[in-house]
Amino acid sequence: MTPSATAPDGPPGSGRPRVRMTGAQRRQQLLDVGRELFAQRGYEATSIEEIASRADVSKPVVYEHFGGKEGLYAVVVDREMQRLLDRFASALSIGGHPRELLERAALVLLDYIEDETDGFRVLVRDSPVAGTDGGFSSLISEVASKVEHILGDQFRERGYDPQLAELYSQALVGMVALVGQWWLDTRSPGKREVAAHLVNIAYNGLSHLETAPGLLGRP
């Protein structure tokens, strides 16, 4: 007799058989369900009961795989951060003119928002879980560190203090990230137009940097 593809061990009272999955498949399913719910409702408003119900499993199954909601959330955030960091690393590792690098960096984030909207929504929410290392703020810092060495080389070539590359990389990446958060909901103007305007302010500003900038106001 061919083994059944389902097993009668869904959530109590559901009246539905649960689809039989391997441990890896079930873990992936719970990650996908958690990602969707955390994006839609946020961490606090999402319950273990809702996660289990959406996955059509009992609550102990969620605890078995992740130890609870906090563990599931931490894995979802870490996975999304790595996805986006991998995209940035790939785009910036090719090399090229500084303007091209800025264009790629802007488009990487906008592409990710367009392709992985739920993932980005999870990242931009304030993280209530210590194990996620600050969520989006941590992500910005990691991306900025990848941009820093590129700016450092440009600063040396142009006679600027390369030690300031860290400050400028944080400013540039932060600008792109905040525009990305705004574009997440507006989606207008189009992705390439938004990227062009970001590059316009970033690159044309960089191309006319003062070596020793000062403020016009009172000290």
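Residues numbered from 1 in each chain as written. Predicted model: local features only at pLDDT ≥ 70, side-chain atom pairs only at ≥ 80, totals over all residues. Heavy atoms only, no water.

Going by an unreviewed UniProt entry, the protein chain carries the name AcrR family transcriptional regulator and comes from Modestobacter versicolor.

1. What to know about the overall build of the protein chain
If you tally the helices and strands in the protein chain, you get nine helices and two strands. Reading the protein chain from its N end, one meets helices and strands in the order β-β-α-α-α-α-α-α-α-α-α. By element, 52% of the accessible surface of the protein chain is carried by carbon and sulfur atoms, the whole surface being about 12100 Å². (Helix = DSSP H or I, 4+ residues; strand = E, 2+ residues; numbered from the N terminus. Areas by Shrake-Rupley, 256 points an atom, 1.4 Å probe, with all protein chains shown as cover.)

2. Brief notes about the packing of aromatic side chains
Counted under the stated rule, the structure contains seven aromatic pairs. Aromatic pair F155 and Y160: ring centres 5.6 Å apart, planes at 80°, arrangement edge-to-face. Accessibility expressed as a relative area gives 4% for F155, which makes it buried. Assessed through its relative accessible area of 14%, Y160 is described here as buried. One aromatic cluster is present, built from ring pairs that chain together F38, Y43 and Y73. Sitting over the face of the ring of Y43, K69 holds its NZ or CZ atom 4.2 Å from the ring centroid. (Phe/Tyr/Trp six-rings, centres within 6.5 Å; stacked < 30°, edge-to-face > 60°. Buried < 20%, exposed > 50% of the residue type's maximum accessible area, 1.4 Å probe, protein only. Lys NZ or Arg CZ within 6 Å of the ring centre and 35° of its normal.)

3. Examining helix α8 (residues 165-186)
Compared with an ideal rise of 1.5 Å per residue, which puts 22 residues at 32 Å, α8 spans 31 Å between its outermost C-alpha atoms and is within 8% of the ideal. Along α8, the residues classified as buried are A165, S169, L172, V173, G174, V176, A177, G180, W183 and L184. Buried residues along α8 sit in contact with α5 (98-115), α6 (117-124), α7 (136-158) and α9 (191-206). Just downstream of α8 lies R187, where phi reads positive at about 55°. (Expected span 1.5 Å × (residues − 1). Contact = heavy atoms within 4.5 Å.)

4. Comments concerning empty space enclosed by the protein
To find leftover empty space, one rolls a probe the size of a water molecule over the atoms. For the coordinates displayed, the defined rule picks out two cavities of 30 Å³ or more. Put simply, the largest cavity is a space of about 420 Å³. In this structure, the largest cavity is lined by 31 residues; those nearest its centre are L102, A105, V147, L151 and L172. Contributing elements (two or more residues each) for the lining of the largest cavity: α4 (69-92), α5, α7, α8 and α9. Counted by class, the lining of the largest cavity contains 29 nonpolar, one polar and one charged residues. Approximately 50 Å³ is the volume attributed to the second largest cavity. F155, Y160, D161, L164, Y168, L209, E210 and T211 together form the lining of the second largest cavity. (1 Å grid on protein atoms, 1.4 Å probe; cavity = no way out; pocket = protein on both sides within 12 Å on 5 of 7 lines; lining within 4 Å. Points joined across faces, edges and corners; volume = space filled by probe spheres on them. Nonpolar A, V, L, I, M, F, W, Y, C, P; charged D, E, K, R; others polar.)

5. A short note on the pattern of salt bridges
Within the structure shown, the criterion is met by 14 salt bridges. A salt bridge links E80 to R83; the shortest N-O distance between them is 2.9 Å. Highlighted residues: E80 and R83, both in helix α4, separated by three residues, approximately one helical turn. Judged by relative accessible area, R83 falls into the partly exposed class, the value being 31%. For R156, the salt bridge goes to D153, with nearest N and O atoms at 3.2 Å. With a gap of three residues between them, R156 and D153 both fall in helix α7, about one helical turn apart. (Salt bridge = Lys/Arg side-chain N within 4 Å of Asp/Glu carboxyl O.)

6. What about the environment of R26?
Examined against the element boundaries, R26 turns out to sit in helix α1 (residues 23-41). As a C-alpha pair, R26 and A55 span 29 residues in sequence and 8.8 Å in three-dimensional space.

7. Points about the environment of L31
Mapped onto the secondary structure, L31 falls in helix α1. Once the C-alpha coordinates of L31 and R79 are considered, the two residues, 48 residues apart in sequence, prove to be 9.4 Å apart. Excluding its chain neighbours within four sequence positions, the residues that come into contact with L31 are F66, L72, V75, V76 and R79.

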